[in-house]
Amino acid sequence: MALRTIRTMGDEVLTKHCREIKEMTPRIRELIDDMVETLYEANGVGLAAPQVGVLKRVAIIDVGDGPIVLVNPVILETSGEQFGSEGCLSLPGKAGDVSRPNYVKVRALDQEMQEFELEGTELLARAICHEVDHLEGHMYVEKVQGGLYDVEFEEEA
Ligand code: NI
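So, how was this worked out
Residues numbered from 1 in each chain as written. Predicted model: local features only at pLDDT ≥ 70, side-chain atom pairs only at ≥ 80, totals over all residues. Heavy atoms only, no water. Pairing = 2+ DSSP bridges. Helix = DSSP H or I, 4+ residues; strand = E, 2+ residues; numbered from the N terminus. Donors = N, O, S within 2.8 Å, 3.2 Å for Na, K, Ca; no water. Tetrahedral: all angles 85-135°; square planar, octahedral: opposite > 155°, others 65-115°. Buried < 20%, exposed > 50% of the residue type's maximum accessible area, 1.4 Å probe, protein only. Axes fitted to C-alpha atoms, helices over the stretch in contact; angles between N-to-C directions.

1. Examining the pairing of strand β5 (residues 94–100)
Then, number 1: In this structure, strand β4 (residues 82–86) lies alongside β5, joined through five bridges in antiparallel fashion. Bridging from a neighbouring strand, G84 pairs with V98 of β5.
Then, number 2: Pairing geometry for β5 and strand β8 (residues 145–150), over four bridges, is antiparallel. Residue pairing for β8: A95 is matched across the bridge by Y149.

2. Structural notes on the coordination of the nickel ion
Ideal geometry at a metal centre: 109.5 degrees between donors when four sit tetrahedrally, and 90 or 180 degrees when six sit octahedrally.
Then, number 1: Note on the nickel ion: its protein donors are C88 (SG), H130 (NE2), H134 (NE2) and A157 (O). The metal-donor distances range over 2.0 to 2.5 Å.
Then, number 2: Its four donor atoms give the nickel ion angles of 89 to 132° at the centre, a pattern that matches the tetrahedral case.
Then, number 3: Of note, the nickel ion draws all its donor residues from one chain, in the sequence arrangement C-x41-H-x3-H-x22-A. Of this pair, C88 sits in the loop between β4 and β5 while H130 is found in helix α2 (residues 122–135), placing the two residues 42 residues apart along the sequence. An identical accessibility class is assigned to C88 and H130; each is buried.

3. Some points on the sheet that holds strand β1 (residues 46–48)
Then, number 1: The sheet built from five strands is open, its strands ordered β1-β2-β3-β6-β7 with antiparallel pairing. The sheet is open, and its two borders are formed by β1 and β7 (115–121), each paired with just one other strand. Between one strand and the next, the sheet's axes are offset by a mean angle of 35°, whatever the strand orientation.
Then, number 2: Relative to strand β6 (residues 103–109), strand β3 (residues 68–79) runs antiparallel, the two being bridged by six bridges. Looking across to β6, one finds that I75 is bridged to V106.

The values are spatial; any link to function lies outside them.
Structure below.
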């Protein structure tokens, strides 16, 4: 396992569409292990592969219950709304207020390429939307209402 460098906003890798993973390979397993390590080192809530420079559809989320690996995630359902502060490891020290669904159901594959569905509310729902956006080349700043502000500590994804 190794730490990977987190790309920051302005790096064009963060604006690209990511490709689906067709089969699990040693290289992708290593990517996932490295992303988990990198996420914890950064004290983040989520990390998507393009944030470490890899244009593949993988994201890791941990809202405090252990790492969730999402390979090829697809959002199936959303409902409700939450409006609040959001940050990103690719834009450290900043946050902004973003509207997100308060409930999200996602289908994905795990690191064994087994399909599962996951339901999340509040922070988990927000993190799922944030990471899936990264896989499409989008940053939360595109959705911020009212401008960015400086933060000393923020749950970043
Ligand atoms: Ni992010």
